[in-house]
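Close look at the chain arrangement
If you want the building blocks of each chain, they are given just below.
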Amino acid sequence: MQIPASFDYVRASSVDNALELLARYGPESRVVAGGHSLLPMMKLRLARPEWLIDINDLYELDFILRDGNKLRVGALTRHTTLLESDEVAALFPIVRDAERVIADPTVRNRGTIGGSLCQADPAEDLSTVCDVLDAEAVIRGPGGERAVAMSGFHRGPYETAVGQDELLCELRFPIRPRAGSAYEKVERRVGDWATGAAGAAVTLAADGTVEDATVGLTALGLDRTVAEAAAVLRGKRPAEDLFTEAGRLAAAACDPVPDQRGPVDYKRHLADELTRRVLRRACARAAQMAARMQEG
Amino acid sequence: MQISMTVNGSEFTSEIEPRVLLVHYIREVLGLTGTHWGCDTSNCGTCVVLMDGQPVKSCTVLAAMAAGHDIRTVEGLATGGTLDPVQQGFMEEHGLQCGFCTPGMMLTARALLDKNPHPDDAEIRQAISGQICRCTGYATIVRSVQWAAAHPAGTGWDGADTAVPDVAPETADTDAEVKA
């Protein structure tokens, strides 16, 4: 029977209250939201907080809100809510692509976007999604609120810019015209961690050439986005030979480790093939959005 | 710490350790052993209960986190001595063999049908994709849920008010009855 070691439990009643509790209980306290990463780690004694601060009552952090040219998503938004949001799917189809394959439907009822990002598992999907969408993390702490770009949010496996006395409150996604995005993951079975995955976001210029492209990889040993792959497309019309070249560069840039999910050459092959697929789909979706804008 | 929650419509208040998982609270403190306890790692789904109407894996929810919420377990599916259509469907279509995954499967099916009364087979398979059955290979589970979708409560599917119909399905032979 797997049971966590003893701890004390307290339920936060507001963001301010959560920050007070974090300050009061210090480094031995941890915030719990969905709990589907933290509780398993506590059962295995990989995490052993003395205080658990439950933020599930902070409904003010459970929202999806369009605000000018940004989409604001509260950190306590459940995976299921993100998956089912038509607004999110229309603006950022990559989110639905990824959410479909995050854990399983029952786990998605509990897990949150903020929890996934703060857990920062190297095989976690939403980190890549937020990377390629150029999202901003809004973090609150005793000193007030700050916004951190995704490139500065990740500090390494299980490490983020969120300080011990801080709370991730919101993600902000820039809405761009003529934009498309896609995500694809290879997993051995439903709910497994990714063997490998890739995400891409593309914006087209008015003349149909690629204005900007971003490619990210999950579980393939690359924290940053694949700048080399994106550079291949910029200023050019989307074409199959460019996707092929971008895939080759993504495979060369990544640094996967061999494990029971596959050897290095197989994982590099995934980086290559999945990069091509997500770029192909992201470009097609961007072209669709551009066409809709012209009609509208 | 003291917690209170509603389980199958009744309010329970208990003194527990914060580390007690919801599955053990339900089984050991409340004595409702219909909720099964399986893998401990939120993979198998046999411990699924409904929390505010949504399926959750109760091995990965603290009882303390469920305090103040509305929990429904398999014991809460039948109402007034009448089986839920999902339960009846699992009987009619042989949705179980050993029965270990069944409580979780039925609760997920109930939540699915509440949201989507006419799911197609793919939607049913998607809904139960976080749950493992090692006996039937899922085909009969999908058929059981489809049976329930075709016979919603209150449509007089059998007209009877018995908790367990005492008449075997017409197609069943004696051997099948014994095995079941």
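The shown structure was predicted, so the numbers you read here are calculated from the model rather than taken from an experiment. The numbers attached to residues start from 1 for each chain and follow its sequence in the written order. Written order determines the labels here, with chains lettered from A and ligands numbered from 1. With the structure being a predicted model, the display of local features is reserved for residues of pLDDT at least 70 and the display and counting of side-chain atom pairs for 80 or more, all residues being used for whole-chain, interface and lining totals. The side-chain values count all of the structure's non-hydrogen atoms but skip hydrogen atoms and water molecules.

**Quick word on the environment of B:Asp52**
All names here are of chain B. Per the convention used, a helix needs a DSSP run of H or I reaching at least four residues, while a strand needs a run of E reaching at least two, with both numbered from the N terminus. Mapped onto the elements, Asp-52 comes out in the loop between strand E3 (48–51) and strand E4 (54–57). C-alpha separation for the pair Asp-52 and Gln-97, spaced 45 residues apart in sequence, amounts to 29 Å. Residue contacts are defined here by distance: any two heavy atoms, one from each residue, within 4.5 Å place the two residues in contact. Beyond its immediate sequence surroundings of up to four residues, Asp-52 is in contact with His-69 and Asp-70.

**A look at the pairing of strand E1 (residues 2–7) of chain B**
Residues and elements named next belong to chain B. For the exposure calls, accessible area comes from a 1.4 Å probe over protein chains only, and a residue counts as buried if that area is under 20% of its type's maximum, exposed if over 50%, partly exposed in between. Burial of the side chains of E1 is restricted to one face: Ile-3, Met-5 and Val-7 are buried, whereas none of Gln-2, Ser-4 and Thr-6 on the reverse face is. Sheet topology note: the E1/strand E2 (residues 10–15) ladder contains 6 bridges and is antiparallel. Counterpart to Gln-2 in the pairing with E2 is Glu-15. DSSP-based pairing: two strands are paired if at least 2 bridges between them are found. Joining the antiparallel neighbours E1 and E2 is a turn of 2 residues, in which Asn-8 adopts a positive phi near 50°. Bridge count for E1 against strand E5 (residues 70–72) is 2 bridges, and the pairing is parallel. Bridge pairing in E5 links Thr-6 to Asp-70.

**Quick word on the domain arrangement of chain B**
Residues and elements named next belong to chain B. Domain limits in this description derive from either an automatic procedure or a database domain assignment. Under the domain assignment, chain B is made up of domain 1 (2–76) and domain 2 (85–165). Each of domain 1 and domain 2 has a C-alpha centre, and the two are 21 Å apart. Contacts between the two partners involve 17 residues from domain 1, matched on the other side by 14 residues from domain 2. Two parts lose some accessible area (1.4 Å probe) when they are put together, and adding that loss for both gives the buried area. Here domain 1 and domain 2 share an interface that buries about 1,100 Å² over both sides, 65% of which is from carbon and sulfur atoms. Each reported salt bridge corresponds to a side-chain nitrogen of Lys or Arg within 4 Å of a carboxyl oxygen of Asp or Glu. Inspection of the region where domain 1 meets domain 2 yields 0 salt bridges. Polar contacts here mean pairs of N or O atoms no more than 3.5 Å apart (in protein, one a potential hydrogen donor and the other a potential acceptor; neighbouring residues in sequence count only if both atoms are side-chain atoms). Where domain 1 packs against domain 2, one counts 5 residue pairs in polar contact (both at pLDDT 80 or more).

**So, the interface of chain B and chain A**
If you look at the interface, chain B gives 33 residues, while chain A gives 32 residues. It is B:Arg19, B:Thr60 and B:Met65 in chain B that bury the most area against chain A; as a group they hold 25% of the surface buried on that side. Here chain B and chain A share 2 salt bridges between them. Linking A:Asp104 and B:Lys57 is a salt bridge whose minimum nitrogen-to-oxygen distance equals 2.6 Å. Connecting chain B to chain A are 12 residue pairs in polar contact (both at pLDDT 80 or more). Residue contributions to the side of chain B that touches chain A peak at 4 residues, all from E4(B).

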